[in-house]
Amino acid sequence: LTELQNQAARLDAADALAGFRARFVLPEDTIYLDGNSLGPVSMDAKASLERALNSWETHRIEGWIEGEAPWLFLPERIGARLAPLVGARADEVIATGSTTLNLHQLLATLYEGNGPILLDANSFPTDRYAIQSHLKLRGLDSETYLRFVEPDEDAIELSLIQGTGLAVLPSVVYTSGRLLDMARLTRAAQRSGTKVLWDLSHSIGVLPHALSEMGADGAFWCSYKWLSAGPGAGGGLYLNARHFDKAPGIAGWFGAAKEALFSGSHGLIPAPGAARLQTGTTHVLSLAPLAGTLTLFEEAGIEAVRAKSLALTGFLRECLAALAPELEAITPIEDNRRGGHLALRHPQAAALSRSLRAQGVVGDHRPPDLLRLAPAPLFTSFAECLEAARRVRAVLEAGLHRETAEGLVP
Ligand SMILES: *Cc1c(COP(=O)(O)O)cnc(C)c1O
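The notes below deal with the structure included here.

Rules behind the numbers
- Residues numbered from 1 in each chain as written.
- Predicted model: local features only at pLDDT ≥ 70, side-chain atom pairs only at ≥ 80, totals over all residues.
- Heavy atoms only, no water.
- Helix = DSSP H or I, 4+ residues; strand = E, 2+ residues; numbered from the N terminus.
- Contact = heavy atoms within 4.5 Å.
- Areas by Shrake-Rupley, 256 points an atom, 1.4 Å probe, with all protein chains shown as cover.
- Lys, Arg positive; Asp, Glu negative; His and termini not counted.
- Charge placed at Lys NZ, Arg CZ, Asp CG, Glu CD.
- Near = heavy atom within 4 Å.
- Polar contact = N/O pair within 3.5 Å; in protein donor to acceptor, adjacent residues only side chain to side chain.
- Nonpolar A, V, L, I, M, F, W, Y, C, P; charged D, E, K, R; others polar.
- Core = buried A, V, L, I, M, F, W, Y, C linked by side-chain atoms within 4.5 Å.
- Buried < 20%, exposed > 50% of the residue type's maximum accessible area, 1.4 Å probe, protein only.
- Pairing = 2+ DSSP bridges.
- Axes fitted to C-alpha atoms, helices over the stretch in contact; angles between N-to-C directions.
- Phe/Tyr/Trp six-rings, centres within 6.5 Å; stacked < 30°, edge-to-face > 60°.
- Lys NZ or Arg CZ within 6 Å of the ring centre and 35° of its normal.
- Salt bridge = Lys/Arg side-chain N within 4 Å of Asp/Glu carboxyl O.

Let's shift gears to the overall build of the chain. From N to C terminus, the chain includes 13 helices and 13 strands. With the C-alpha coordinates of the chain rotated into their principal frame, the extents come out at 70 × 55 × 40 Å. Taking as baseline every contact in the chain between residues at least 6 positions apart, the subset at least 24 positions apart corresponds to 74%. A total accessible area of about 16,900 Å² is found for the chain, and carbon and sulfur atoms account for 57% of it. Across the chain, the centroid of the 37 positively charged side chains sits 2 Å from that of the 46 negatively charged ones.

Our next topic: the environment of His104. Locating His104 in the fold gives a position in helix α4 (residues 99–110). On a C-alpha basis, the gap between His104 and Ala130 in space is 6.2 Å, while along the polypeptide they are 26 residues apart. Not counting the four nearest positions on each side in its chain, His104 is found in contact with Ala130, Ser133, His134 and Ile250.

A few words now on the site of the ligand. Surveying the vicinity of the ligand reveals the residues Ser98, Thr99, Thr100, Phe124, Thr126, Asp127, Asp199, Ser201, His202, Cys222, Tyr224 and Lys225. Residue Asp127 places a side-chain N or O atom 3.1 Å away from a nitrogen atom belonging to the ligand. A total of 390 Å² of accessible area belongs to the ligand in isolation, and the protein chains cover 86% of it. Of all the secondary structure elements, the ones that give two or more residues to the shell around the ligand are α4 and α5 (125–137). A class-by-class count of the residues in the shell around the ligand yields 3 nonpolar, 6 polar and 3 charged.

Another aspect to go through is the nonpolar core. Among the nonpolar cores identified, the biggest contains 59 residues, and Ile78, Leu82, Trp198, Leu211, Trp221 and Leu378 are the most heavily contacted of them. In terms of residue count, helix α10 (residues 284–300) provides more of this core than any other element does, 8 residues in total. Each residue touching Leu378, except ones within four places of it in the same chain, is listed here: Leu17, Phe20, Arg21, Phe24, Leu296, Phe297, Ala300 and Val305. Formed by 28 residues, the second largest nonpolar core is a distinct cluster that contains Leu4, Ala349, Leu352 and Ala388.

Pairing in this open sheet of 7 strands is mixed, and the strands run β2-β8-β7-β6-β5-β3-β4 from one edge to the other. Since the sheet does not close on itself, it has two edges, and those belong to β2 (93–95) and β4 (146–149), each with one partner. Sheet twist, expressed as the mean angle between neighbouring strand axes with direction ignored, is 20 degrees. Lying over the sheet, α4 contacts β3 (117–120), β5 (166–170), β6 (195–199), β7 (218–221) and β8 (236–239), oriented at roughly 165 degrees with respect to β7.

Another aspect to go through is the packing of aromatic side chains. Applying the stated criterion across every chain yields a total of 7 aromatic pairs. On the basis of an interplanar angle of 45 degrees and a centroid distance of 6.4 Å, the ring pair of Tyr32 and Phe379 is categorised as tilted. Taken as a pair, Tyr32 in strand β1 (residues 31–32) and Phe379 in the loop between β13 (370–373) and α13 (382–398) lie far apart in primary sequence, 347 residues in all. Seen from their ring centres, Trp253 and Phe254 are 5.7 Å apart, and the 75 degrees between their planes marks the pair as edge-to-face. Taking the ring centre of Phe124 as reference, the NZ or CZ of Lys225 above it sits at 4.8 Å. One cation-aromatic arrangement involves Lys258 over Phe73; the distance from NZ or CZ to the ring centre is 5.3 Å.

Turning to the sheet that holds strand β12 (residues 364–366), a few remarks are in order. An order of β9-β10-β13-β12 is seen for the 4 strands of this open sheet, with the pairing classed as antiparallel. A strand with exactly one partner marks an edge of an open sheet, and here the two such strands are β9 (328–329) and β12. With 4 bridges connecting them, strand β10 (residues 342–345) and β13 associate as antiparallel partners. In the strand pairing of β13, Arg345 is matched with Leu370. Across the sheet, helix α11 (residues 302–323) is in contact with β9, β10 and β13; its angle to β10 comes to roughly 20 degrees.

Taken as a whole and judged by the stated rule, the model has 26 salt bridges. Between Glu112 and Lys195 there is a salt bridge, with the nearest N and O atoms lying 2.5 Å from each other. Here Glu112 is found in the loop between α4 and β3, whereas its partner Lys195 is found in strand β6, with 83 residues between them in sequence. A relative accessible area of 54% places Glu112 in the exposed class. When its relative accessible area of 13% is taken as the criterion, Lys195 is described as buried. The partner of Glu153 in a salt bridge is Arg178, and the shortest N-O contact between them spans 2.8 Å. Residue Glu153 is located in helix α7 (residues 153–159), and its partner Arg178 is located in the loop between β5 and α8 (182–191); the two are separated by 25 residues in the primary sequence. Summarising the burial analysis for this pair, Glu153 and Arg178 share the class buried. What emerges from the salt-bridge pattern is a single network uniting Asp154, Glu157, Arg184 and Arg191.

Here it is, written out as structure tokens:
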């Protein structure tokens, strides 16, 4: 234990990102390991939201085109700032919609109904529902047109056969924390003539991406997880430049070229680039906190964020192996195969997660038997990782997790 304590102290002393902690609002006695599900608020997010409210108060209708950050091109401006986080050209990214809506949009725009859709068998529920309802709208039956595959590189590559229409894959699997080899799978998809869409919900803001370089067709994500932009914050999507000639599958006036917003023309004249995939009026107040938190990532640099994330999860894993060996870490151990959270198997994971919250360690539970702990590079310290592991030990030893009531806990 002393050795782990010394190690934590050394790592914290050498941590170049330690100063970012003060920018977040977090209670002193709580170890928040759920930033992969809902990131906490930062001063930067609050200030940015306040500025948006002030600009509404000051400018009213003119706010669309006046003030320090006119709302009309807000999605493009934030898209350009998101682009480095996903490894894309500025015009390939737009801040809009939600994960769910953006998946619908990319399906409607890129899927040609020319073969089955391949989906990760452990996919987040909304991805499955979106695809099923999309197929239904097209009059295609899910039994035939939706194929499931285990989220494993070899299995996915084997399933990417000629005649597959499109694949929807997670960068990081939300349950296990496994990071898929996106470049390898994008190449495999291209070889089989399959379009590929990446769900980046669990990786944006915690690791770098290279969407343009690998030539992915599209990608989509939310901003309330690692990006810490607040509950229901505006999401984002990526459309590869080779698809800039495609008409939006789900059309709305905000996807029109801005000069043509009120043109008398009956047909839509799409905006250039990914901006054409917007639908209705942009959610100015839901994007404002994101404009604030992006500053944190720009200052820290995503490579440094990734390096610290790997160090944090590696250290937490080590502490848990020493203090709570009855938890089985199922997240791959290799750096290039894991995302930002640690998934631990325990038969009473749900109750364990609840008892831990009562002890000030906020992680979460995913059925049937996973406890997820996610140290965040911008606000978690190595000392907190060790302290969290000690509280896990204490809960297990006292048997507290056997006495916790059932109930819905996010
Ligand atoms: C969080 C998450 C979503 C959520 O979708 P919303 O439309 O933002 O509610 C979707 N997919 C994955 C993989 C997620 O982790």
